[in-house]
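Coordinate analysis (summary)
Below are the chains, spelled out letter by letter.
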Amino acid sequence: LELTGGGTTAVDVQEFDLRIPVQAMPNPFQGETRVSFSMRQAGLARLEVFDVNGRRVHMQQQMLSAGPRLFGWDGNDMSGRPSAPGIYLSRIQGPGLDVVGKMTRLSPISR
């Protein structure tokens, strides 16, 4: 690559992490899943879970230190009722953090 023209322009370069930033384990799940992510700095982190229609079905937040972290989701909505089987999107936000992931909830095990 060769640049010509003699001028320089300041460019704001953002750091990108090409590793998977957020992951649900297990996925797919029937009972509970854990959403893993990494905090680059300490602060308030929030997990939101949305159905495919964009409705928020779950939310939790917590002050966390920097490093690898987990949020757990028991598959229940904010009223405590079991969520329907299907695909859900997770979003985790915190200081310098805004990542999304996908998880699949299976039908609960019949007893």
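Up top you'll find the structure we're talking about.
In this report, we go over the structure that sits alongside the text. (Residues numbered from 1 in each chain as written. Predicted model: local features only at pLDDT ≥ 70, side-chain atom pairs only at ≥ 80, totals over all residues. Heavy atoms only, no water.)

Take the environment of aspartate 51 next. Among the secondary structure elements, aspartate 51 is positioned in strand S3 (residues 43–51). Through-space distance from the C-alpha of aspartate 51 to that of serine 90 is 9.0 Å; in sequence the pair is 39 residues apart. What aspartate 51 contacts, discounting residues up to four positions off in sequence, is Val57, Ile87 and Tyr88. Reaching out from aspartate 51, the side chain makes a polar contact with the backbone nitrogen of asparagine 53 at a distance of 2.9 Å. (Helix = DSSP H or I, 4+ residues; strand = E, 2+ residues; numbered from the N terminus. Contact = heavy atoms within 4.5 Å. Polar contact = N/O pair within 3.5 Å; in protein donor to acceptor, adjacent residues only side chain to side chain.)

As for its placement among the helices and strands, arginine 105 is situated in strand S7 (residues 97–105). Buried and without a salt bridge, arginine 105 has aspartate 74 as its closest oppositely charged side chain, separated by 7.3 Å. Within the structure, arginine 105 has its side chain in polar contact with the backbone oxygen of glutamine 30 (distance 2.8 Å). Ignoring anything within four residues of it in the chain, the contact list for arginine 105 reads Phe29, Gln30, Gly31, Asp74, Gly75, Pro82, Ser83, Ala84, Pro85, Gly86 and Tyr88. (Buried < 20%, exposed > 50% of the residue type's maximum accessible area, 1.4 Å probe, protein only. Lys, Arg positive; Asp, Glu negative; His and termini not counted. Salt bridge = Lys/Arg side-chain N within 4 Å of Asp/Glu carboxyl O.)

Shape descriptors only; they carry no functional weight alone.
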